[in-house]
Amino acid sequence: MAVKNDLFDTASTAGATEFSMNAPDPRASGVEERVLVAPAAPIEGPLDYLAPRDDGPPLRAGDYVLAPLGGRETIGVVWGRPDGPPPAKAKLKPLARRLDLPPMSAETRRFLERAAAYTLTPLGEMVRLATRAPKLDEPAPTRIALRRGPSSEPPATASRRKALEVFEAIAAGRAEVALAPKTLALKAGVGAAVLKALIESGHLAEIALPKDAAYGRFDPDPSQRRAERPLSEIQADAAARLSRLVAERAFGAALLHGVTGSGKTEVYLEAVAECLRQGRQALVLLPEIALTDAFLGRFEARFGARPAEWHSAASGVERRRCWRAAAAGAAQVVVGARSALFLPFRDLGLIVVDEEHDGGYKQEDGAIYNARDMAVLRAQAHDAAAALCSATPSLETWVNAERGRYQGLTLPSRFGPAREPDIGLIDLRENRPERGRWLSPALEAAVAETLAKGEQALLFLNRRGYAPLTLCRACGARFGCPHCDSWLVSHRFSGKLQCHVCGHTESEPKTCRECGSDQLAACGPGVERLAEEAAARFPDAKLALLSSDLAPNQGELKQRIAEIEAGDPQIVIGTQIVAKGHNFPNLTLVGVVDADLGLHGGDFRAAERTFQLLRQVAGRAGRAERPGRALLQTVAPEQPVMKKLIEADEQGFLELLAREREAAGAPPFGRYLAVIFSGPDEKKVWEIAQTFTREAEPIRAIGAELLGPAPAPIPRIRGKARVRVLVKAAKTAPIQAAAKAWSARVKKRNGVRVVFDVDPQSFL
């Protein structure tokens with residue numbers, strides 16, 4: 001049964017009339033046709049243009065065009081026909097030309113409208129997200145191939161006869177075949193002149209074929225399952241319920257909540273199979289590109305072919321190929337990062353959001369959106385199913401399942417003989433490391449014991465680099481970023497200091513820039529420093545360091561992950577990248593060096609994120625036959641997060657969080673809207689922020705509360721001052737409409753950027 005969703009209730013922003021496919025062509029009467037086009041640019045709505053006067057059919061809603069805009073040409077999408085009277089003719093510009101692309105579906109346009117309205121993003125910015133593939137304004141690339149020609153006469157020369165015989169031998173038994181000229185020339189041992197002569201004589205003919213290779217076709221038949229092991233009874237029940245949701249061909253959402261190692265992937269792949277049987281397309285979102293290869297291997301084993309890929313590491317050619325295939329319906333399944341959500345699918349039937357709790361689904365630059373929430377919105381627009389999957393679901397998703405808005409599907413135990421790891425705490429107040437070290441005696445002993453058994457140990461610290469701060473012991477100076485109000489992180493392996501906010505790097509100094517002293521000290525640990533300590537303590541063990549900034553490219557990172565999966569290094573040291581869904585069969589011990597790290601600061605989601613991260617990283621242990629355990633070093637074992645972790649009481653933890661959030665009116669029981677003001681002139685930034693606050697009557701009219709303006713936690717980034725205002729409103733408050741009215745009351749000032757972040761995840 002489809003599940004009702006009341007999270008998104010937004011009106012269309014286009015203000016256009018849909019075309020009727022049977023409407024007469026207005027050009028027949030000599031009238032210039034006007035159309036509304038949404039250009040792929042950060043503008044609020046569709047613009048009025050004159051249709052190009054060409055010999056093609058009339059433009060229809062969804063057609064792609066090349067539109068003049070501000071002295072350049074940009075891709076746009078026809079949104080409809082204007083309702084109102086035309087503006088002065090001199091103001092209307094003709095479209096440059098239509099593009100030879102499959103039209104954008106009405107469902108995709110509806111999704112872009114609703115996404116723009118919900119996130120307070122200009123519609124054109126959403127269209128830009130949906131057209132971010134290279135060379136879409138150029139014809140689809142083609143290649144020349146050879147097929148049989150009309151002539152049945154014998155070729156005139158021996159070399160031509162040989163070439164034709166080779167062609168016929170390859171084509172034997174097939175009604176139609178096309179060969180690349182180079183392939184035929186090589187197999188026949190002839191030159192290009194021979195093939196040219198065969199074409200001129202009509203024995204062969206040239207044809208243009210798509211240059212991009214077609215994606216493989218999938219076999220969804222459950223009798224042909226290629227999974228290593230059959231589904232358990234619990235898995236089969238969850239898979240059947242999720243597949244029924246897909247088969248209904250109506251909107252419905254489900255939370256697939258299973259402990260680490262419970263086989264969630266195999267369950268949702270059954271729903272993908274049902275989607276393929278329905279003849280519809282499926283999208284699987286992953287939070288981390290490094291996870292893609294392992295998943296693609298499992299997918300190919302299940303369905304017999306690899307899906308299309310969409311992420312930043314894919315080449316421009318591959319992204320263009322994927323975009324065009326998705327638009328034409330030729331890409332049956334796409335696996336990708338959050339931006340894959342904006343591909344122009346022809347008939348989308350299922351969206352899977354794997355690790356739905358992951359913060360990587362939140363886009364913080366440009367168009368600000370949460371791909372988890374937008375996935376639900378897109379499924380709603382397409383009458384499709386949305387499957388949100390996690391071992392540690394976000395509170396928002398968990399509450400929706402508890403209250404019946406989403407179906408709840410639970411996998412309470414690991415698949416097969418594997419069992420969840422035991423989690424224990426190491427109280428650093430009683431079991432202190434040696435001075436200048438970060439591993440407690442208890443954790444060191446556990447690592448030694450693990451190595452003696454021939455098993456792997458993981459030491460986890462969610463902090464990149466060697467040390468988070470470098471200071472001068474002589475004068476007390478601290479090395480900060482020249483562009484941001486943040487400290488420079490020491491990366492000793494590369495000899496650099498780096499700002500993890502803006503990316504600024506500089507060589508690691510030998511002396512203090514303030515006093516010239518050489519008494520520089522690295523303060524606090526990062527994973528590089530932890531690796532140095534582990535190498536000194538366990539000199540005979542092979543170490544692997546897994547951190548996103550230490551791999552020069554995605555290929556190197558994937559190689560390191562593959563080596564760990566094979567059991568090669570005995571000790572793995574890593575940041576949060578190791579917590580993202582990896583399966584390391586020989587890993588039986590996880591040691592968390594600073595379990596309290598994520599609890600610092602004023603983020604109201606700190607406890608939730610810490611619980612999720614620690615439970616996820618602990619879940620890397622004991623995923624095969626050997627039992628696993630996790631040891632968390634902490635200075636606050638009495639924290640509710642720590643207590644619920646060692647009790648394995650996730651339900652109790654989520655219930656506790658829900659009570660606290662509901663009492664405070666915080667999400668998901670209330671709504672937050674962040675407004676971020678930034679610019680190079682701090683005085684102007686504050687003036688605009690204060691003006692906004694004074695003119696906030698539309699916000700106050702819906703009963704919302706304003707907090708601020710106040711300096712952002714990081715007051716300066718990339719040389720720009722930053723001020724924040726937080727709006728706190730009731731769950732049902734029309735916050736988007738109020739925010740638009742609020743923004744319209746304030747005259748903007750050049751040099752000050754104002755950004756609205758609906759449902760903010762980060763408060764930096």
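Summary of the structure given here. (Residues numbered from 1 in each chain as written. Predicted model: local features only at pLDDT ≥ 70, side-chain atom pairs only at ≥ 80, totals over all residues. Heavy atoms only, no water.)

### Digging into the overall build of the protein
To be explicit about the condition: Numbering goes from the N terminus for both helices and strands, where a helix is a DSSP run of H or I of at least four residues and a strand is a run of E of at least two. When a residue's accessible area, from a 1.4 Å probe over protein chains only, is under 20% of the maximum for its type it is buried; when over 50% it is exposed; and in between it is partly exposed. Under the convention used here, a 1.4 Å probe and the Shrake-Rupley method define accessible areas, while residue burial counts only the protein chains that appear. Charged residues are defined here as Lys and Arg on the positive side and Asp and Glu on the negative side; His and the ends of the chain fall outside this count. Charged groups are reduced to one reference atom each: NZ for lysine, CZ for arginine, CG for aspartic acid, CD for glutamic acid.
Regarding its fold elements, the protein presents 20 helices and 32 strands. Counting only C-alpha atoms and orienting by the principal axes, one finds that the protein spans roughly 95 × 70 × 65 Å. Buried residues in the protein amount to 53% of all 764 residues. Per element, the accessible surface of the protein, about 33300 Å² overall, is 50% carbon and sulfur. Looking at the protein, you have 103 positive and 93 negative side-chain charges, and the mean spots of the two groups are 4 Å apart.

### Some remarks on the sheet that holds strand β11 (residues 308-310)
Strand pairing in a sheet relies on backbone hydrogen bonds, with the paired strands running either antiparallel or parallel. Stated formally: When DSSP finds at least two bridges between two strands, those strands are taken to pair. Under this scheme, a helix contributes an axis fitted over its contacting stretch, all axes are lines through C-alpha atoms, and angles between N-to-C directions fall in the 0 to 180 degree range. In what follows, residue pairs with any heavy atoms lying within 4.5 Å of each other are defined as contacts.
One open sheet accounts for seven strands, arranged β11-β12-β10-β13-β16-β9-β17; its pairing is parallel. Unpaired on one side and paired on the other, β11 and β17 (407-411) mark the two borders of the sheet. Geometrically, the sheet is characterised by an average inter-axis angle of 20° between neighbouring strands, direction not taken into account. Across five bridges, strand β9 (residues 252-258) lies against β17 in parallel orientation. Within β17, the residue paired with Ala-254 across the bridge is Gln-407. Relative to β17, helix α6 (residues 233-247) is tilted by about 155°, and along the sheet it contacts β9, β13 (348-354), β16 (385-390) and β17.

### Observations concerning empty space enclosed by the protein
Note the threshold: Within this scheme a cavity is a closed region of a 1 Å grid, computed over the protein atoms alone, that accommodates a 1.4 Å probe without allowing it to escape, whereas a pocket is open but has protein on both sides within 12 Å along at least five of seven lines; lining residues each have an atom within 4 Å of a point. Grid points are joined across faces, edges and corners, and a volume is the space filled by probe spheres set on the points.
The full count for this structure, using the stated rule, is three cavities of 30 Å³ or more. Reported here for the largest cavity is a volume of approximately 50 Å³. Taken together, Tyr-118, Thr-119, Lys-362, Ile-368, Tyr-369, Asn-370, Asp-373, Met-374, Val-758 and Asp-759 make up the full set of residues lining the largest cavity. Secondary-structure elements contributing two or more residues to the lining of the largest cavity are α1 (106-119), β15 (369-370) and α10 (371-381). One number sums up the size of the second largest cavity: a volume of about 40 Å³. Leu-286, Pro-287, Glu-288, Ile-289, Thr-292, His-311, Val-335, Gly-336 and Ala-337 together form the lining of the second largest cavity.

### A closer look at the packing of helix α3 (residues 158-171) against helix α5 (residues 192-200)
Operational definition: Here the word oblique covers every angle except those under 35 degrees (roughly parallel), over 145 (roughly antiparallel) and from 65 to 115 (roughly perpendicular). Side-chain classes follow a simple rule in which Ala, Val, Leu, Ile, Met, Phe, Trp, Tyr, Cys and Pro form the nonpolar group, Asp, Glu, Lys and Arg form the charged group, and the remainder, Gly included, forms the polar group.
Relative orientation of the contacting elements α3 and α5 amounts to 80°, with a least axis distance of 10 Å. Between α3 and α5, the angle falls in the class roughly perpendicular. In this structure, α3 uses Ser-159, Arg-160, Ala-163 and Leu-164 to contact α5, whose residues at the interface are Val-194, Leu-195, Ala-197 and Leu-198. Across the contact of α3 with α5, the residue classes break down as six nonpolar, one polar and one charged.

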